[in-house]
Amino acid sequence: KSGEMARLTQFVDNEVFRAFATYATIVLLKMMLMSVTTSYFRLTRKAFDNLEDTVSFGTGETAKKLVRTHPDVDRVRRCHLNDLENIVPFFGIGLLYALSGPELSSALLHFRIFTACRIIHTFAYLIPLPQPGRGLSWAVGYVVTFSMAYNVMKSVLYL
Amino acid sequence: KSGEMARLTQFVDNEVFRAFATYATIVLLKMMLMSVTTSYFRLTRKAFDNLEDTVSFGTGETAKKLVRTHPDVDRVRRCHLNDLENIVPFFGIGLLYALSGPELSSALLHFRIFTACRIIHTFAYLIPLPQPGRGLSWAVGYVVTFSMAYNVMKSVLYL
Amino acid sequence: KSGEMARLTQFVDNEVFRAFATYATIVLLKMMLMSVTTSYFRLTRKAFDNLEDTVSFGTGETAKKLVRTHPDVDRVRRCHLNDLENIVPFFGIGLLYALSGPELSSALLHFRIFTACRIIHTFAYLIPLPQPGRGLSWAVGYVVTFSMAYNVMKSVLYL
């Protein structure tokens, strides 16, 4: 049993995998923070999606009125969805890229730029910063993911 | 060829990986069931997003009126989106955690609690149960994912 | 260091993994194209979610009027979300399936059918084609993912 366990420690010994695991965890945690940010805006703006969520703010008609939208809540929701749309491909393609044996320096460059882009994107969306701040941070992260996809295809293509 | 094949069977021999694969498949299948649940509510409540989807219910003005929202459809859609927002980080961080060589007992505890939380969350959302039922099931699953992220970082941190 | 690197090249040598990496990258890239398609429709239909995005089209009241919905934008957004809901389970379950040591021919069949279905689904959604074109392409991809989940469970079940 401990022999079997030992086999998977190859991942912990591989620097590219460790770098991927570190940056992937950072961006996934960042994405998870959007849930808490949404809750914060829902509670402070008193704008809920479900009647049962308004229970601590009133009952009857008072409660029903709190089932509503609010621009600040909508904004953080869009930011969260944009994270899903971009971090899912980064995780999937990035994992395959990390397993396809890239150079460590090249891998680190991809992971670091993407992570920086998504953090900048979040601030640009929530503050909000004037365009093209948000657009550029999105686009650079997008190109980084494409670059990893190109490298995966070059290493493993099997149709 | 069979030699190459053999190499990846290390995963099937590793208990932590097998546990992750089992629970990850369960929560992903649970998430997929939300698609069918949405279809069920769309068909029974006659509330569609696309005009071409109303074809078996009428034509012309009758059809156009069925392109509408319905509270029951919206509720299951929100539940599905909440699954995406939480099961994606669980899958990503959980996979990295499983590959970082944790104790089997500790890994099983994480996977089992998260899976139970998401199943409870679904029932709490769709019935719906009064709060804080849904809130708690969401929060415990969230903390479990954070705990795995902490363990990944402790094992592999490489910035 | 190069010894550690070498260990992960097992993946590049394994045909099932290479096939998974190829098809998973194709569907993830396809999903990423929905972002660009959304931008294209937003710019040509002049329908934006954020006031700061309208900056090149006007200021003041003119700009505010461009923060609106448009049926073409909504349609591509729904197509993108449907991709997320279906490609996330495909990636997760498909990766576990690829690591569980399936027959190459069986794995290729799963990956190819799913990939074809999602490409057909996108055209069926955006053109749009009359039903049941889109419904069928969704359903076949769904069944393929279930079939992989069944095979994962058969190989690794550990509760």
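As recorded in an unreviewed UniProt entry, chain A goes by Microsomal glutathione S-transferase 1 and comes from Nestor notabilis. What UniProt states about chain A under its Catalytic activity (unreviewed entry) heading is, verbatim, "RX + glutathione = an S-substituted glutathione + a halide anion + H(+)".

A.B. asks: Help me get a handle on the overall build of chain A, residues and values and all.
C.D. replies: Each helix and strand in chain A was counted, giving seven helices and zero strands. The order of helices and strands in chain A, counted from the N terminus, is α-α-α-α-α-α-α. Reported as C-alpha extents along the three principal axes, the dimensions of chain A are approximately 60 × 50 × 30 Å. Here chain A holds 159 residues, and the buried ones make up 54% of them. Of the contacts formed within chain A by residues at least 6 apart in sequence, a portion of 69% connects residues at least 24 apart. A total accessible area of about 6,700 Å² is found for chain A, and carbon and sulfur atoms account for 64% of it.

A.B. asks: Before we move on, can you summarise the relation of the copies chain B and chain A with the specific residues and values?
C.D. replies: Copy one and copy two of the chain differ by a rotation about an axis and a translation along that axis. Placing chain B over chain A gives an RMSD of 0.0 Å and needs a rotation angle of 120°, together with 0.0 Å of translation along the axis. The two molecules are tied by a three-fold rotation axis, judged by turn and shift. Ranked by how close their C-alpha atoms come to the rotation axis, the residues of chain B are headed by Val-88 of chain B, at 4.4 Å.

A.B. asks: Describe the interface of chain B and chain A, naming the residues involved and giving the relevant values.
C.D. replies: Each side of the interface is counted separately: chain B has 40 residues, and chain A has 40 residues. When chain B packs against chain A, close to 3,600 Å² is buried across both sides, 67% of that on carbon and sulfur atoms. For the interface between chain B and chain A, the tally reads four salt bridges. The partner of Arg-134 of chain B in a salt bridge is Asp-53 of chain A, with the nearest N and O atoms 2.9 Å apart. Summed over the shared surface of chain B and chain A, the result is 14 residue pairs in polar contact (both at pLDDT 80 or more). Looking at the side of chain B that touches chain A, the elements that each hand over two or more residues are helix H2 (10-13), helix H3 (15-45), helix H5 (71-99), helix H6 (104-126) and helix H7 (133-156) of chain B. It is H5 of chain B that provides the largest number of residues to the side of chain B that touches chain A, a total of 13 residues. The residue inventory of the side of chain B that touches chain A, partitioned by class, reads 27 nonpolar, seven polar and six charged.

A.B. asks: Requested: an account of the UniProt feature "transmembrane region" (unreviewed entry) in chain A, with residues and values cited.
C.D. replies: Residue and element names in this part refer to chain A. When the UniProt feature table is mapped onto this chain, "transmembrane region" (unreviewed entry) is found at residues 20-41 and 84-101. Annotated as residues 20-41, this span is 100% helix and 0% strand, and its ends, taken at the C-alpha atoms, are 32 Å apart. Annotated as 89% helix and 0% strand, the span residues 84-101 places its first and last C-alpha atoms 26 Å apart.

A.B. asks: Help me get a handle on the interface of chain A and chain C, residues and values and all.
C.D. replies: Facing the 40 residues of chain A at the interface are 40 residues of chain C. Of the roughly 3,600 Å² buried between chain A and chain C, counting both surfaces, carbon and sulfur atoms make up 67%. A salt bridge links Glu-85 of chain A to Arg-77 of chain C; the shortest N-O distance between them is 2.9 Å. For the pair chain A and chain C, the interface holds 14 residue pairs in polar contact (both at pLDDT 80 or more). Listed by contribution, the elements that provide at least two residues to the side of chain A that touches chain C are helix H2 (10-13), helix H3 (15-45), helix H5 (71-99), helix H6 (104-126) and helix H7 (133-156) of chain A. No other element matches the 13 residues that H5 of chain A contributes to the side of chain A that touches chain C. Taken together, the residues of the side of chain A that touches chain C sort by class into 27 nonpolar, seven polar and six charged.

A.B. asks: Any chance you could break down the confidence of the model for chain A for me, citing the residues and the numbers?
C.D. replies: When pLDDT is averaged across chain A, the result is 93; 96% of the residues are at 70 or more. Interface confidence in the predicted complex, given as ipTM, is 0.93; pTM for the same model is 0.95.

A.B. asks: Residues and numbers for empty space enclosed by the protein, please.
C.D. replies: Counted by the stated rule, this structure contains two cavities of 30 Å³ or more. In this model, the largest cavity occupies a volume close to 140 Å³. Put simply, the parts of the chain that give the lining of the largest cavity at least two residues each are H5 of chain A, H5 of chain B together with helix H5 (71-99) of chain C. Residues belonging to the lining of the largest cavity are distributed by class as follows: nine nonpolar, three polar and no charged. Approximately 60 Å³ is the volume attributed to the second largest cavity. Going through the elements one at a time, H5 of chain A, H5 of chain B together with H5 of chain C are the ones with two or more residues in the lining of the second largest cavity.

A.B. asks: Help me get a handle on a nonpolar patch on the surface, residues and values and all.
C.D. replies: Residue and element names in this part refer to chain A. A cluster of nonpolar side chains, contributed by Ile-119, Phe-123, Ile-127 and Leu-129, occupies part of the molecular surface with about 370 Å² of accessible area. Looking at where Ile-119 falls in the secondary structure, it is placed in helix H6. Looking at Ile-119, the relative accessible area reads 35%, which means it is partly exposed.

A.B. asks: Now, about the nonpolar core: what can you tell me, with residues and values included?
C.D. replies: Within the largest apolar cluster, 120 residues are counted, with the highest numbers of intra-cluster contacts made by Phe-111 of chain A together with Phe-111 of chain B. If we ignore the near neighbours within four places in the chain, the residues touching Phe-111 of chain B are Val-16, Ala-19, Phe-20, Tyr-23, Phe-90, Tyr-97, Ala-98 and Met-148 of chain B.

A.B. asks: Could you give an account of the packing of H5 of chain C against helix H7 (residues 133-156) of chain C, with specific residues and numbers?
C.D. replies: Residue and element names in this part refer to chain C. Between H5 and H7, whose axes approach to 9 Å, the crossing angle comes to 25°. By the angle class used here, H5 and H7 are roughly parallel. In this structure, H5 crosses over H7, and the sense of that crossing is left-handed. Residues Asn-82, Asn-86, Pro-89, Phe-90, Ile-93, Gly-94, Leu-96 and Tyr-97 of H5 form the contact with H7, whose own contacting residues are Trp-138, Tyr-142, Thr-145, Met-148, Ala-149, Asn-151 and Val-152.

Rules used in this analysis
- Along each chain, numbering runs from 1 in the same order as the chain's sequence is written.
- All chains are assigned letters beginning at A, and all ligands numbers beginning at 1, according to the order in which they are written.
- Restriction of local features to residues with pLDDT of at least 70 applies here, the model being predicted, together with a cutoff of 80 or more for giving and counting side-chain atom pairs; totals for whole chains, interfaces and linings are based on all residues.
- Side-chain numbers here rest on the full set of heavy atoms in the structure, without hydrogens or water.
- UniProt positions are given in the numbering used here, feature names are shortened, and annotations may be inferred rather than shown by experiment.
- Numbering goes from the N terminus for both helices and strands, where a helix is a DSSP run of H or I of at least four residues and a strand is a run of E of at least two.
- For every residue, the accessible area obtained with a 1.4 Å probe (protein chains only) is divided by the maximum for its type, and the residue is called buried under 20%, exposed over 50%, and partly exposed between those limits.
- Any two residues having at least one pair of non-hydrogen atoms within 4.5 Å are treated as being in contact.
- The accessible surface values rely on the Shrake-Rupley method and a 1.4 Å probe; as for residues, cover is taken only from the protein chains in view.
- Here the copies were fitted onto each other by least squares, based on C-alpha atoms from residues at pLDDT of at least 70 in both.
- Here the quantity called buried area is the accessible surface, traced with a 1.4 Å probe, that two parts lose on coming together, added over both.
- Any Lys or Arg side-chain nitrogen located within 4 Å of an Asp or Glu carboxyl oxygen qualifies as a salt bridge.
- Under this definition, polar contacts are N or O atom pairs within 3.5 Å; protein pairs additionally need one hydrogen-donor-capable and one acceptor-capable atom, and for neighbouring residues in sequence, both atoms have to be side-chain atoms.
- Polar here means any residue outside two lists: the nonpolar Ala, Val, Leu, Ile, Met, Phe, Trp, Tyr, Cys and Pro, and the charged Asp, Glu, Lys and Arg; Gly therefore counts as polar.
- By definition, pLDDT measures how confident the predictor is in each residue, and it falls between 0 and 100.
- Cavity and pocket criteria rest on a 1 Å grid covering protein atoms alone: a 1.4 Å probe that fits but cannot get out defines a cavity, protein on both sides within 12 Å along at least 5 of 7 lines defines an open pocket, and an atom within 4 Å of a point defines a lining residue.
- Grid points are joined across faces, edges and corners, and a volume is the space filled by probe spheres set on the points.
- Here a patch means residues that are over 30% exposed by relative accessible area and free of salt bridges, tied together within 9 Å if like-charged and within 5 Å if nonpolar (Val, Leu, Ile, Met, Phe, Trp, Tyr).
- Side-chain atoms within 4.5 Å are what join buried Ala, Val, Leu, Ile, Met, Phe, Trp, Tyr and Cys residues into a set we call a nonpolar core.
- To obtain each axis, a line is fitted to C-alpha atoms, and for helices this fit is confined to the stretch in contact; angles are then taken between N-to-C directions over 0 to 180 degrees.
- Angles below 35 degrees are treated as roughly parallel, those above 145 as roughly antiparallel, those between 65 and 115 as roughly perpendicular, and all remaining angles as oblique.
- Throughout, a crossing is termed right-handed when the near helix is turned clockwise from the far one, and left-handed when it is turned anticlockwise from it by less than a right angle.

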